Amino acid sequence: MKRHVTSAMLLCLVLLVATPLLAADGAAIYKTNCNTCHGPTGAGDTPAGKMMKAKPLGGADVQKLTDAEMAALIANGKEKMPKFGQKLSADDIKAVVAYVRTFAKK
């Protein structure tokens, strides 16, 4: 019995430590997929962002969107913004949404 309890405790410890490591990294995903147009600050002030008229991600127009609306925009694209739904997993998109929320103007 003691052996089973120890094994169960070890499994729980491993899961607690590993879960955050397996979580999608919104900042890294953003940097790889969004940075070219939206820029490191989300302002959309890169040459590509200016050409595409990318909205500032910290602005009210973007920040007022629900998480579901923002996720749908990322997945399905809009106007000149490409679709990322087949490139990114649902967890990746959720992580990017959380990262975009950090651009909110305070």
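Thresholds applied
Residues numbered from 1 in each chain as written. Predicted model: local features only at pLDDT ≥ 70, side-chain atom pairs only at ≥ 80, totals over all residues. Heavy atoms only, no water. Core = buried A, V, L, I, M, F, W, Y, C linked by side-chain atoms within 4.5 Å. Buried < 20%, exposed > 50% of the residue type's maximum accessible area, 1.4 Å probe, protein only. Helix = DSSP H or I, 4+ residues; strand = E, 2+ residues; numbered from the N terminus. Contact = heavy atoms within 4.5 Å. Salt bridge = Lys/Arg side-chain N within 4 Å of Asp/Glu carboxyl O. 1 Å grid on protein atoms, 1.4 Å probe; cavity = no way out; pocket = protein on both sides within 12 Å on 5 of 7 lines; lining within 4 Å. Points joined across faces, edges and corners; volume = space filled by probe spheres on them. Nonpolar A, V, L, I, M, F, W, Y, C, P; charged D, E, K, R; others polar. Phe/Tyr/Trp six-rings, centres within 6.5 Å; stacked < 30°, edge-to-face > 60°.

Chemist: Explain the nonpolar core here, please?
Modeler: For soluble globular proteins, nonpolar side chains are generally found buried alongside one another. Counting residues in each nonpolar core, the largest one holds 15 residues, and the members touching the most others are Leu57, Met70, Ile74, Leu88, Ile93, Val96 and Val100. Elements represented by at least two residues in this core include exactly helix 2 (26–33), helix 6 (67–76) and helix 7 (90–101). Per-element accounting of this core gives the leading share, four residues, to helix 7. Beyond its immediate chain neighbours, meaning those up to four positions away, Val100 contacts Leu57, Val62, Gln63 and Met70.

Chemist: Would you take a moment to explain the pattern of salt bridges for this structure?
Modeler: Between side chains of opposite charge, pairing is possible as soon as their charged atoms come close. Under the definition given, this model contains one salt bridge. A salt bridge links Arg101 to Asp67; its shortest N-O distance comes to 2.8 Å. One end of the pair, Arg101, is in helix 7; the other, Asp67, is in helix 6, and 34 residues separate them in sequence.

Chemist: Looking at this structure, I do not really get the layout of surface pockets. What am I missing?
Modeler: Taking a probe equal in size to a water molecule and rolling it over the atoms shows the remaining empty space. Of the voids in this model, the largest pocket is the one considered here, and its volume is about 750 Å³. Residue lining of the largest pocket: 26 residues in total, with His38, Lys55, Leu73, Lys78 and Met81 positioned closest to the centre. Elements with a contribution of two residues or more to the lining of the largest pocket: helix 2, helix 3 (35–38), helix 5 (60–63), helix 6 and helix 7. Each residue belonging to the lining of the largest pocket can be placed in one class, and the counts come to 17 nonpolar, three polar and six charged.

Chemist: What exactly am I supposed to notice about the environment of Asn33 here?
Modeler: Note that Asn33 resides in helix 2. By relative accessible area, which is 15% here, Asn33 ends up buried. Once the C-alpha coordinates of Asn33 and Val96 are considered, the two residues, 63 residues apart in sequence, prove to be 9.8 Å apart. Non-local contacts of Asn33, meaning those with residues more than four positions away in its chain, are made with Phe84, Lys87 and Leu88.

Chemist: I would appreciate a short explanation of the packing of aromatic side chains in the present structure.
Modeler: Two aromatic rings, taken as a pair, are described by how far apart their centres are and by the angle between their planes. Applying the stated criterion across every chain, the model contains three aromatic pairs. Aromatic side chains Tyr30 and Tyr99 sit 5.3 Å apart centroid to centroid with 55° between the ring planes, which places their arrangement in the tilted category. Taken together, the residues Tyr30 in helix 2 and Tyr99 in helix 7 connect sequence positions 69 residues apart. Here the aromatic cluster, defined as three or more aromatic residues joined through ring pairs, consists of Tyr30, Tyr99 and Phe103.

Chemist: Mind showing me how you'd approach unusual backbone geometry here?
Modeler: At Lys53, a position not held by glycine, the phi torsion is positive, near 60°. Tracing the sequence through the fold places Lys53 in the loop between helix 4 (47–52) and helix 5. Not every positive phi belongs to a glycine, and Glu79 is a case in point at roughly 50°. Looking at the element boundaries, Glu79 is found in the loop between helix 6 and helix 7.

Any functional reading would require information beyond the geometric quantities listed.
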